[in-house]
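Results of the structural survey
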Amino acid sequence: GENVEQHPSTLSVQEGDSAVIKCTYSDSASNYFPWYKQELGKRPQLIIDIRSNVGEKKDQRIAVTLNKTAKHFSLHITETQPEDSAVYFCAASRGSNYKLTFGKGTLLTVNP
Amino acid sequence: KAGVTQTPRYLIKTRGQQVTLSCSPISGHRSVSWYQQTPGQGLQFLFEYFSETQRNKGNFPGRFSGRQFSNSRSEMNVSTLELGDSALYLCASSLEAGMNTEAFFGQGTRLTVV
């Protein structure tokens with residue numbers, strides 16, 4: 001089955017810096033790659049997703065890039081703010097008949 | 001519209017007991033997936049139901065089971081509880097099967113086994 005590796009497990013940055021979280025996946029047939037953000041004590045929420053027919057997607061300060069050949073995808077957060085502090089999960093899926101497999105998460109801390 | 005609702009929010013059980021958790025999806029969503037969240041292990045997939053049918057199952061023992069009703073509400077049951085079952089159990093609903101579109105999570109049920 002699908003295996004998703006996520007790095008780093010913890011990341012600390014200064015406010016205003018950029019943060020990058022990387023994930024690799026094992027199943028070359030995976031075609032959907034969402035990112036979820038979970039603030040302390042709250043539920044995970046989708047922040048951005050990308051499908052395999054696209055190499056990059058941006059939404060304001062966040063962007064995701066996908067390299068299908070290397071089977072890895074990354075989350076980029078620019079101009080980080082303290083409210084970006086949370087655990088971020090990447091995930092991968094082959095499609096609607098398959099489960100969504102999550103990475104183990106990255107604890108991002110943005111220091112003011 | 002109302003979000004995903006999970007009940008109860010907190011549970012304390014003793015080893016050997018069984019427990020039933022409930023999840024009410026967003027109105028119109030027919031897919032419900034369940035995940036176990038523990039520190040360091042992230043979100044581990046338990047199972048997914050779509051239109052009352054289990055479509056996918058994770059690598060958990062048979063003590064973990066679930067079902068979905070005609071109104072899309074779902075329950076999961078854990079029998080013969082073990083200390084290692086202590087975790088946050090999250091359910092997520094989505095319009096399509098497989099969480100291949102945006103999935104909305106509930107607040108979770110925090111289960112503590114003592």
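A look at the overall build of chain A
The secondary structure content of chain A amounts to 0 helices and 11 strands. If you list the helices and strands of chain A from N to C, you get β-β-β-β-β-β-β-β-β-β-β. Against the 2.2 N^0.38 benchmark of 13 Å for 112 residues, chain A shows a C-alpha radius of gyration of 13 Å, consistent with a compact globule. Projecting the C-alpha coordinates of chain A onto the three principal axes gives extents of approximately 40 × 25 × 20 Å. Per-residue burial over chain A gives 44% buried out of 112 residues. Sequence-distant contacts, at least 24 apart, represent 54% of the contacts inside chain A between residues at least 6 apart. Carbon together with sulfur atoms contributes 46% to the accessible area of chain A, which is approximately 5600 Å² in total. Averaging the locations of the 13 positively and 12 negatively charged side chains of chain A gives two centres separated by 8 Å.

Focus on the overall build of chain B
On a plain count of helices and strands, chain B comes out with 0 helices and 11 strands. If you list the helices and strands of chain B from N to C, you get β-β-β-β-β-β-β-β-β-β-β. By principal-axis analysis of the C-alpha atoms, chain B measures approximately 35 × 30 × 25 Å. For chain B, the proportion of its 114 residues judged to be buried stands at 52%. Excluding contacts between residues fewer than 6 apart, the proportion of contacts in chain B whose partners are at least 24 apart in sequence is 54%. Carbon and sulfur atoms provide 48% of the accessible area of chain B, an area that totals close to 5100 Å². Averaged over its 11 positive side-chain charges, chain B has a centre that lies 6 Å from the centre of its 7 negative ones.

Some words on the state of the cysteines
All names here are of chain A. For the coordinates displayed, the defined rule picks out 2 disulfides over all chains. A sulfur-sulfur distance of 1.9 Å marks the disulfide that ties Cys-23 to Cys-90. Around the S-S axis, the bridge from Cys-23 to Cys-90 shows a dihedral of about -100° and counts as left-handed. On the criterion of sequence distance, the pair formed by Cys-23 in strand S3 (residues 19-25) and Cys-90 in strand S9 (residues 86-92) is long-range, its members being 67 residues apart. Accessibility classification places Cys-23 together with Cys-90 in one group, the buried group.

Here we look at the interface of chain B and chain A
Tallying the contact residues gives 22 residues for chain B and 21 residues for chain A. Each partner contributes to the roughly 1900 Å² buried at the junction of chain B and chain A, and carbon and sulfur atoms together form 47% of this total. The largest share of the area that chain B buries against chain A comes from Leu-43, Asn-100 and Phe-105 of chain B, three residues that together contribute 29% of it. Counting the contacts that link chain B with chain A gives 0 salt bridges. The interface formed by chain B and chain A holds 4 residue pairs in polar contact (both at pLDDT 80 or more) in total. Element by element, the count of residues in the side of chain B that touches chain A is highest for strand S5 (residues 42-50) of chain B, at 3 residues. Of the residues in the side of chain B that touches chain A, the class split is 10 nonpolar, 10 polar and 2 charged.

Side note on the pattern of salt bridges
For the coordinates displayed, the defined rule picks out 8 salt bridges over all chains. Between Arg-94 of chain A and Asp-27 of chain A there is a salt bridge, with the nearest N and O atoms lying 3.4 Å from each other. On the criterion of sequence distance, the pair formed by Arg-94 of chain A in the loop between S9 and strand S10 (101-102) and Asp-27 of chain A in the loop between S3 and strand S4 (32-38) is long-range, its members being 67 residues apart. Owing to a relative accessible area of 35%, Arg-94 of chain A belongs among the partly exposed residues under this scheme. For Arg-63 of chain B, the salt bridge is made with Glu-82 of chain B, and the minimal N-O distance between the two is 3.6 Å. Of this pair, Arg-63 of chain B sits in the loop between strand S6 (53-57) and strand S7 (64-68) while Glu-82 of chain B sits in the loop between strand S8 (74-78) and strand S9 (87-94); the two residues are 19 residues apart in sequence, bridging distant segments of the chain. Given the relative accessible area of 16%, Arg-63 of chain B is considered buried. Several salt bridges share partner residues, and in doing so they unite Arg-63, Glu-82 and Asp-85 of chain B into one network.

Quick word on the pairing of S9 of chain A
The side chains of a regular strand alternate, first on one face of the sheet and then on the other. All names here are of chain A. Here S9 lies mainly inside the structure; 6 of its 7 residues are buried. Bridge count for S4 against S9 is 4 bridges, and the pairing is antiparallel. Its bridge partner being in S9, Lys-37 is matched across the sheet by Tyr-88. Sheet topology places S9 next to strand S11 (residues 106-111); 3 bridges connect them, and they run antiparallel. The partner of Ala-86 across the bridge, within S11, is Leu-108. Pairing geometry for S9 and S10, over 2 bridges, is antiparallel.

Conventions and cut-offs
- Residues numbered from 1 in each chain as written.
- Chains lettered and ligands numbered in written order.
- Predicted model: local features only at pLDDT ≥ 70, side-chain atom pairs only at ≥ 80, totals over all residues.
- Heavy atoms only, no water.
- Helix = DSSP H or I, 4+ residues; strand = E, 2+ residues; numbered from the N terminus.
- Rg over C-alpha atoms; globule rule 2.2 N^0.38 Å.
- Buried < 20%, exposed > 50% of the residue type's maximum accessible area, 1.4 Å probe, protein only.
- Contact = heavy atoms within 4.5 Å.
- Areas by Shrake-Rupley, 256 points an atom, 1.4 Å probe, with all protein chains shown as cover.
- Lys, Arg positive; Asp, Glu negative; His and termini not counted.
- Charge placed at Lys NZ, Arg CZ, Asp CG, Glu CD.
- Disulfide = S-S within 2.5 Å.
- Buried area = accessible area lost by both parts, 1.4 Å probe.
- Salt bridge = Lys/Arg side-chain N within 4 Å of Asp/Glu carboxyl O.
- Polar contact = N/O pair within 3.5 Å; in protein donor to acceptor, adjacent residues only side chain to side chain.
- Nonpolar A, V, L, I, M, F, W, Y, C, P; charged D, E, K, R; others polar.
- Pairing = 2+ DSSP bridges.

The values are spatial; any link to function lies outside them.
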